[in-house]
Amino acid sequence: MANDALTVAVLGPGGVGGLLAALLSRAGHRVICLAGEETAGKLAADGIEVRSAHFGDFTARVAADTELREPADVCLIAVKATALDAALERLPAKALGEEGLVVPLLNGVEHPALLRERYRSEQVAPAVIRVESTRIAPGVIEHGSPFAELDLTADTAPRARLEAFAGALEWAGLRARVQDEESATLWAKMAFLAPFALLTTRYGVPVGDVRTLHREELTALVEETAAVGRACGAATDPSAALARYDAFPAATKSSMQRDAEAGRTLELDAIGGALLRAAERTGVPVPVAGELVRRLTPHADTDSRRLTADG
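Conventions used here
Residues numbered from 1 in each chain as written. Predicted model: local features only at pLDDT ≥ 70, side-chain atom pairs only at ≥ 80, totals over all residues. Heavy atoms only, no water. Core = buried A, V, L, I, M, F, W, Y, C linked by side-chain atoms within 4.5 Å. Buried < 20%, exposed > 50% of the residue type's maximum accessible area, 1.4 Å probe, protein only. Helix = DSSP H or I, 4+ residues; strand = E, 2+ residues; numbered from the N terminus. Contact = heavy atoms within 4.5 Å. Pairing = 2+ DSSP bridges. Axes fitted to C-alpha atoms, helices over the stretch in contact; angles between N-to-C directions. Expected span 1.5 Å × (residues − 1). Right-handed = clockwise from strand over helix to strand, strands pointing away. Phe/Tyr/Trp six-rings, centres within 6.5 Å; stacked < 30°, edge-to-face > 60°. Lys NZ or Arg CZ within 6 Å of the ring centre and 35° of its normal. Salt bridge = Lys/Arg side-chain N within 4 Å of Asp/Glu carboxyl O.

A.B. asks: Can you help me understand the nonpolar core in this one?
C.D. replies: If you look at soluble globular proteins, the nonpolar side chains tend to sit buried side by side. Ranked by size, the top nonpolar core spans 42 residues in total, and within it Ile 48, Leu 76, Val 103, Leu 152, Phe 165 and Leu 174 carry the most contacts. When residues in this core are grouped by element, the largest group, 6 residues, is from helix α1 (residues 15–26). Excluding residues that lie within four positions of it along the chain, Phe 165 makes contacts with Leu 6, Val 8, Leu 24, Val 74, Leu 76 and Leu 152. In this structure, Val 109, Trp 187, Val 228 and Val 293 belong to the second largest nonpolar core, which totals 40 residues.

Here it is in structure tokens:
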């Protein structure tokens, strides 16, 4: 498999974006990290340090700036959903170029429509990533899961170019594949992510405790989320989602739980709110999800008016 050099911009070099930036740089690609002035300066000077039992411990050199100023083959968007609008100012469509792909790795299912308002539809290739990776300091990434897997979608973007990028990711050590159905791919992750994020954050415990102490609630929430996914046209399988919970390392925490512990803004609207809005549109009852979102809303620093289906 060829590993032709690419220029890859990474908007949001945190736990996920920083890990991908470092792995792609180590594999020989030009990587430009887009961040605030202080973080960009540190990354440009010191690179990105990765601590990982799976990928090894290493430091990768990267370029960094506060805004994209040259064409890129791919731009990975790895910011939190709560920061997306402001972060996109660092990624002008004109600078990206006519051929640059925009690959968002955000949680939720509503962001592709927003991105297609800003960039050409054929440039936007939503993706999902399964990984546990945390930024413990600017430019220092701790990768904790024994895997890192990406699914890229080719509903509107050229499949050949996505296949080439998937090959670059594989060469860098990740598992990557190109899927044909965007909705199915995003909802397959949502069927796992929404219960994981909501329950670990609600009870302040890792996934091992959720799947044992709160098994009944977990099962009900997985079934609700899968039903909404099916109503949205995705063949979501609740048994597959439950099997993934059982296979995860017991100490795994969701990113929403980590945000709650650190006092950061929660992605409650992008995950729980999006689920409730989809349920309302499709007429699927989601009482367990609704109750969890209501309980978490007072603790979320966000616009709670969007969170519940009934406003």
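A.B. asks: I tried to follow the sheet that holds strand β8 (residues 127–130) on my own but got confused; where do I start?
C.D. replies: The strands making up a sheet are joined through hydrogen bonds of the backbone, oriented either antiparallel or parallel. With mixed pairing, 3 strands are arranged side by side in an open sheet as β8-β11-β12. Only two strands of the sheet have a single partner each, and these edge strands are β8 and β12 (175–179). Neighbour to neighbour, the strand axes of the sheet diverge by 15° on average, direction disregarded. Bridge count for strand β11 (residues 149–153) against β12 is 5 bridges, and the pairing is parallel. Paired with Glu 149 across the strands is Arg 175, a residue of β12. With respect to the sheet, helix α6 (residues 159–171) is in contact with β11 and β12, its orientation differing from that of β12 by roughly 170°. Relative to β8, helix α7 (residues 182–203) is tilted by about 30°, and along the sheet it contacts β8, β11 and β12.

A.B. asks: Can you help me understand the side chain of Asp 259 in this one?
C.D. replies: Tracing the backbone shows Asp 259 in helix α11 (residues 255–262). Ignoring sequence-local partners within four residues, the contact set of Asp 259 consists of Lys 80, Arg 264, Thr 265 and Leu 266.

A.B. asks: Just to check I follow, could you spell out α6 for this structure?
C.D. replies: Residues spaced three or four apart along an α-helix point in a common direction, a consequence of the helix completing one turn every 3.6 residues. The terminal C-alpha atoms of α6, which comprises 13 residues, lie 18 Å apart, in line with the 18 Å expected from a rise of 1.5 Å per residue. Residues of α6 that are buried: Leu 162, Phe 165, Ala 166, Gly 167, Ala 168 and Leu 169. Taken together, the buried residues of α6 touch β1 (7–11), α1, β6 (74–77), β7 (101–104), β11 and β12. The positive-phi residue at the C-terminal boundary of α6 is Gly 173, with phi of around 110°.

A.B. asks: Please explain the pairing of β1 as it appears in this structure.
C.D. replies: Successive side chains on a regular strand alternate, one facing one side of the sheet and the next facing the other. Of all 5 residues in β1, 5 are buried, a share of seventy percent or more. Here β1 shows a buried face lined by Thr 7, Ala 9 and Leu 11 and a second buried face lined by Val 8 and Val 10. Regarding the hand of the β-α-β motif, the stretch spanning β1, α1 and strand β2 (residues 30–34) is right-handed. The sheet contact formed by β1 and β6 spans 4 bridges and is parallel. Bridge pairing links Val 8 to Val 74 in β6.

A.B. asks: Sorry if this is basic, but what is going on with the side chain of Glu 182 here?
C.D. replies: With respect to the secondary-structure elements, Glu 182 resides in helix α7. If sequence neighbours within four positions are ignored, Glu 182 has contacts with Pro 112, Arg 116, Pro 126, Thr 153 and Asp 155.

A.B. asks: Which parts of the structure should I look at to understand the sheet that holds β7?
C.D. replies: With parallel pairing, 5 strands are arranged side by side in an open sheet as β5-β2-β1-β6-β7. Of all strands in the sheet, those with a lone pairing partner are β5 (63–65) and β7, marking the two edges. Across the sheet, the mean angle from the axis of one strand to that of its neighbour is 20°, orientation sign disregarded. Running over the sheet, α1 touches β1, β2 and β6 and is turned about 160° from β2.

A.B. asks: Looking at this structure, I do not really get the packing of aromatic side chains. What am I missing?
C.D. replies: The geometry of an aromatic ring pair comes down to the distance between the two centres and the angle between the two planes. Within this structure, the stated rule accounts for 6 aromatic pairs. Consider the rings of Phe 196 and Tyr 245, whose centres lie 6.3 Å apart with planes at 70°: the pair is edge-to-face. Of this pair, Phe 196 sits in helix α7 while Tyr 245 sits in helix α10 (residues 238–247), placing them 49 residues apart in sequence. Judged by its relative accessible area of 7%, Phe 196 falls in the buried class. Every member of this aromatic cluster is reached through a ring pair, and the members are Phe 147, Phe 192, Phe 196, Tyr 245 and Phe 248. A cation sits over an aromatic face here: Arg 26 above Phe 58, 3.9 Å from the ring centre. When the ring centre of Phe 192 is taken as reference, the NZ or CZ atom of Arg 244 above it lies at 4.1 Å.

A.B. asks: Any chance you could explain the environment of Arg 264 here in plain terms?
C.D. replies: Residue position: Arg 264 is located in the loop between α11 and α12 (268–282). Take Arg 264: its relative accessible area is 47%, and that puts it in the partly exposed class. In sequence terms Arg 264 and Phe 192 are 72 residues apart; their C-alpha atoms lie 22 Å from each other. What Arg 264 contacts, discounting residues up to four positions off in sequence, is Arg 258 and Asp 259.

A.B. asks: Could you clarify how one ought to interpret the pattern of salt bridges in this entry?
C.D. replies: Note on pairing: side chains with opposite charge can pair once their charged atoms come close. As enumerated under the stated definition, the model contains 25 salt bridges in all. Put simply, Asp 269 and Arg 277 hold a salt bridge, and the shortest N to O gap is 2.9 Å.

Take it as geometry only, folks, not as evidence of what the structure does.
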